[in-house]
Amino acid sequence: MMTDILKILIFALLAMVVLSVLKQYGQGYALLFALAASALLLVWALELFSPVMEWVLGLTRMSDFENLSCVLKAAAIMILMQNVKDLCNDAGQQALAGQVELAGKTAILIAALPLLQTFTKTLQELLQ
C-alpha cells in the first residue's frame, strides 16, 4: 500500500517535470501528456480504492441498501468531473471548465435523485 502511494507520488512529480519541458515545445504536446498522465493516475487510484469498493458492495448486498449506489455514483461523477475540469483549466479553457463543472453538478443531482425521493417519502410518512 505504502509503496503504491510512493509510486504514484514519484510518477506525479516526474510527470510535472516532463510537462514543464513539453510546455516549452508546444502546449498541445503538454496537454496530451497531461491527459495521459491523469488517466494513468486515475487508474492507479481506482486500483487502490478497489478493496473499499468490494467492502461497500458486500455491505450493500447484505443490507439491501440500494441508496448507497446513488452516493457511490455521485462520488464517481465528482472525481471524474474534477479531473476533466482541471485539465480544461490547464489548457487555458476556463469557460469550458465552468461548463464541465455545471454538467458534473447536474449529473450528481440526477444520480442522487433516488436518494432524495426516498428521503422525502420517509419524511412524508413521518409527518402523517
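Use the structure listed above.
Residues numbered from 1 in each chain as written. Predicted model: local features only at pLDDT ≥ 70, side-chain atom pairs only at ≥ 80, totals over all residues. Heavy atoms only, no water.

**Some points on a nonpolar patch on the surface**
Next, step 1: Together, M2, I5 and L9 line one region of the surface with nonpolar side chains, adding up to about 310 Å² of accessible area.
Next, step 2: Residue placement: L9 occurs in helix 1 (residues 2-25).
Next, step 3: Accessibility expressed as a relative area gives 48% for L9, which makes it partly exposed. (Patch = residues over 30% accessible without salt bridge, like charges linked within 9 Å, V, L, I, M, F, W, Y side chains within 5 Å. Areas by Shrake-Rupley, 256 points an atom, 1.4 Å probe, with all protein chains shown as cover. Salt bridge = Lys/Arg side-chain N within 4 Å of Asp/Glu carboxyl O. Helix = DSSP H or I, 4+ residues; strand = E, 2+ residues; numbered from the N terminus. Buried < 20%, exposed > 50% of the residue type's maximum accessible area, 1.4 Å probe, protein only.)

**Side note on the packing of aromatic side chains**
Next, step 1: As enumerated under the stated definition, the model contains one aromatic pair in all.
Next, step 2: Ring centres 5.2 Å apart and planes at 75° place the aromatic pair F11 and W44 in the edge-to-face group. Of the two residues, F11 is situated in helix 1 and W44 in helix 2 (residues 27-63); the sequence distance between them amounts to 33 residues.
Next, step 3: On the accessibility criterion, W44 (27% relative accessible area) is partly exposed. (Phe/Tyr/Trp six-rings, centres within 6.5 Å; stacked < 30°, edge-to-face > 60°.)

**So, the layout of surface pockets**
Next, step 1: Space inside the largest pocket adds up to approximately 340 Å³.
Next, step 2: In this structure, the largest pocket is lined by 14 residues; those nearest its centre are L46, F49, A75, A76 and I79.
Next, step 3: Contributing elements (two or more residues each) for the lining of the largest pocket: helix 2 and helix 3 (68-90).
Next, step 4: Class assignment for the residues of the lining of the largest pocket results in twelve nonpolar, two polar and no charged.
Next, step 5: Each pocket or cavity is described by its volume, and for the second largest pocket that value is around 290 Å³. (1 Å grid on protein atoms, 1.4 Å probe; cavity = no way out; pocket = protein on both sides within 12 Å on 5 of 7 lines; lining within 4 Å. Points joined across faces, edges and corners; volume = space filled by probe spheres on them. Nonpolar A, V, L, I, M, F, W, Y, C, P; charged D, E, K, R; others polar.)

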